[in-house]
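# What the coordinates show
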Amino acid sequence: MALITISGYPCSGKSQRATQIKQHLESRLADPSYKGPTLSVVVLSDDNLNIDRSAYNDSRSEKPARGTLFTAIQRSLGRNNIVIVDSLNYIKGFRYQMYCAAREMKVRACTVYVIAPPDLCKQWNSERPDDRVYAPETLDNLLQRYEEPSSMVRWDSPLFTVSWTDTDVPADDIWKAISEGIVKPPNTGTQAVAKAPTDALRTLEHITASIVTALVTEQTNSASFGGTISISISPALKPRITLPPRNVTLSELQRLKRQFVMLHKKAITLGTTERGVVDWSEESVADKFVVYLEENIKA
């Protein structure tokens, strides 16, 4: 139903804000005046995914940690869940990746930016239990590398900023964003590629070759050229085609057949992102080839 990304410096109070957001959302969902679908609020964090703070000591260990988090996000995203991602989320490329996952699942998304001064973050880090503390050099590195969210980019917006001095989060605005905001369609680059059936290439070659042979035979047997004619490929497949008032040669038809097949081979071998189901049936291929011939045979 929605993805809420929480971003901020390490030890800036993100988990506290995630807890506040979760409490507000669950309160609204439990309110008798709420008439919407039954939803669950899921919080994903380094702690409940068993990602140790030492994973951020170097990029080699950080990459699989982000992979674990992203896998959990993909698994949790759905129309019945509100997913709150309580992690560093300090890299804009990773926030964009989560945004694309949300669009792929057709759920709303927003970002909560938790602000606290670096010195205060260091102080709070030093007061943490040993199993939740960042090494000083790791903390300094993360603070320097942090990439702030911006409301000017689509993957961070709508963006809600919460200062360390704020007693609570803007719960009303967050609720409105995840319940009434626009559900953006998936990016073409993130859409699942629709693969052609295994016999699509054979169908493409067979039907186009059959149409070429039938056209040559029909012209040979006909006393006149041109006009709309019906050609028989099979008992159930008899496409009609309009030809110019001249003899269309075999070499010309074969050249157009090769061009048509080449145009469609890529979609068969690599898949297509066309909306809807791509029809590779014999009838569909025949209709497409007939239209292609009519548009490309010169009068």
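Values in this document were obtained by computation on a predicted structure and should not be read as measured data.

Looking now at the domain arrangement of the protein. Domain parsing of the protein yields domain 1 (2-180) and domain 2 (199-296). Measuring from the centre of the C-alpha atoms in domain 1 to the corresponding centre in domain 2 gives 55 Å.

What follows concerns the pattern of salt bridges. For the coordinates displayed, the defined rule picks out ten salt bridges. A salt bridge links Glu26 to Lys22; its shortest N-O distance comes to 2.6 Å. In this pair, Glu26 and Lys22 are both assigned in helix H1 (residues 14-30), four residues apart and thus about one turn of the helix distant. Relative accessible area serves as the criterion here: at 34%, Glu26 is assigned to the partly exposed category. For Lys22, a relative accessible area of 26% puts it in the partly exposed group. Measuring nitrogen to oxygen at the nearest pair gives 3.2 Å for the salt bridge that ties Lys122 to Asp140. Of this pair, Lys122 sits in helix H4 (residues 118-126) while Asp140 sits in helix H5 (residues 136-145); the two residues are 18 residues apart in sequence, bridging distant segments of the chain. Take Asp140: its relative accessible area is 31%, and that puts it in the partly exposed class.

To find the voids left in a structure, one rolls a probe of water-molecule size over its atoms. Per the stated rule, a full pass over the model turns up two cavities of 30 Å³ or more. Its boundaries defined by the atoms lining it, the largest cavity holds a volume of some 80 Å³. Forming the walls of the largest cavity are 13 residues, and the residues nearest its centre are Tyr56, Arg66, Ser87, Asn89 and Phe94. Looking at the lining of the largest cavity residue by residue, the class counts come to eight nonpolar, two polar and three charged. Approximately 40 Å³ is the volume attributed to the second largest cavity.

Bringing the sheet that holds strand E4 (residues 108-115) into the picture now. The five strands lie next to each other as E2-E3-E1-E4-E5, forming an open sheet whose pairing is parallel. Edge positions in the open sheet fall to strand E2 (40-45) and strand E5 (159-163), since each of these has one partner strand only. On average, each strand axis in the sheet is inclined to that of its neighbour by 20 degrees, with strand direction left out of account. Where E2 and strand E3 (residues 81-86) come together, six bridges link them in parallel fashion. In the strand pairing of E3, Ser40 is matched with Asn81. Its contacts with the sheet put helix H2 (residues 59-76) on strand E1 (2-8), E2 and E3, and the angle it makes with E2 is roughly 170 degrees.

The rules we used
Residues numbered from 1 in each chain as written. Predicted model: local features only at pLDDT ≥ 70, side-chain atom pairs only at ≥ 80, totals over all residues. Heavy atoms only, no water. Domains from an automatic or database assignment. Salt bridge = Lys/Arg side-chain N within 4 Å of Asp/Glu carboxyl O. Helix = DSSP H or I, 4+ residues; strand = E, 2+ residues; numbered from the N terminus. Buried < 20%, exposed > 50% of the residue type's maximum accessible area, 1.4 Å probe, protein only. 1 Å grid on protein atoms, 1.4 Å probe; cavity = no way out; pocket = protein on both sides within 12 Å on 5 of 7 lines; lining within 4 Å. Points joined across faces, edges and corners; volume = space filled by probe spheres on them. Nonpolar A, V, L, I, M, F, W, Y, C, P; charged D, E, K, R; others polar. Pairing = 2+ DSSP bridges. Axes fitted to C-alpha atoms, helices over the stretch in contact; angles between N-to-C directions. Contact = heavy atoms within 4.5 Å.

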